[in-house]
Amino acid sequence: MTERTVTAERVPPAQLAPQLRDAITRLNRRVRQARPVGDLTVTQVSALTSLRLAGAMTPRELADVERVQPPTMTKIVGKLEERGLVLRTPHPTDGRQVILAATEGGQAVLDQFERARDEWLAHRLAALDEDERETLQRAAQILQQLARA
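Quick caveat, the model's predicted, so the values are computed rather than measured.

J.: What should I look at first to understand a nonpolar patch on the surface in this one?
T.: Among the surface-exposed residues, Val11, Leu16, Leu20, Ile24, Ile142, Leu143 and Leu146 lie close enough to one another that they form a single nonpolar patch of about 510 Å² accessible area. Looking at the nonpolar patch, the elements with two or more residues in it are α2 (13-33) and α7 (130-148).

J.: Any chance you could explain the packing of helix α3 (residues 42-54) against helix α5 (residues 70-82) here in plain terms?
T.: Packed helices, taken two at a time, are described by their axes: the angle between them and the distance between them. Remark: α3 packs on α5, axes separated minimally by 10 Å, with the N-to-C direction vectors making an angle of 85°. Between α3 and α5, the interaxial angle falls into the category roughly perpendicular. Here α3 contributes Thr43, Gln44, Ala47 and Leu48 to the contact with α5, which in turn contributes Met73, Ile76, Lys79 and Leu80.

J.: Looking at this model, I keep getting lost on the side chain of Ser50. Mind explaining?
T.: Structurally, Ser50 can be placed in helix α3. Here Ser50 falls in the buried class, since its relative accessible area comes to 11%.

Parameters and conventions
- Residues numbered from 1 in each chain as written.
- Predicted model: local features only at pLDDT ≥ 70, side-chain atom pairs only at ≥ 80, totals over all residues.
- Heavy atoms only, no water.
- Patch = residues over 30% accessible without salt bridge, like charges linked within 9 Å, V, L, I, M, F, W, Y side chains within 5 Å.
- Areas by Shrake-Rupley, 256 points an atom, 1.4 Å probe, with all protein chains shown as cover.
- Salt bridge = Lys/Arg side-chain N within 4 Å of Asp/Glu carboxyl O.
- Helix = DSSP H or I, 4+ residues; strand = E, 2+ residues; numbered from the N terminus.
- Axes fitted to C-alpha atoms, helices over the stretch in contact; angles between N-to-C directions.
- Parallel < 35°, antiparallel > 145°, perpendicular 65-115°, else oblique.
- Contact = heavy atoms within 4.5 Å.
- Buried < 20%, exposed > 50% of the residue type's maximum accessible area, 1.4 Å probe, protein only.

Structure representation (structure tokens):
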């Protein structure tokens, strides 16, 4: 056990929660800013990422996942479709609907964004000492556990 761990102040969960939430929010915001130069907005990248993670879905489902109004999602999808990053196909059972899916080009763009973000974070992690990186590795495991709960 390191001295840092031994001398760590015990913080009640009610006090830790806002500190942790703030740190995660700020880090997430900073990582999201580390992206390749391009004309995709954060909102467009988020919608494309949702399609990658959840698979094909209707525009309404995507709007719900992204927590935006359907007219807003229509504009986002339109821009992605113009760039060849999203493909619309007819719904198999409802002729009034379409299904959206990320194209190979959309997947490639997301891969590029992920590489840029990972490189940014890896560079920052390299500046930490071994104990700090070990602490963050354990914290990452705990955060994944919390996210699955």
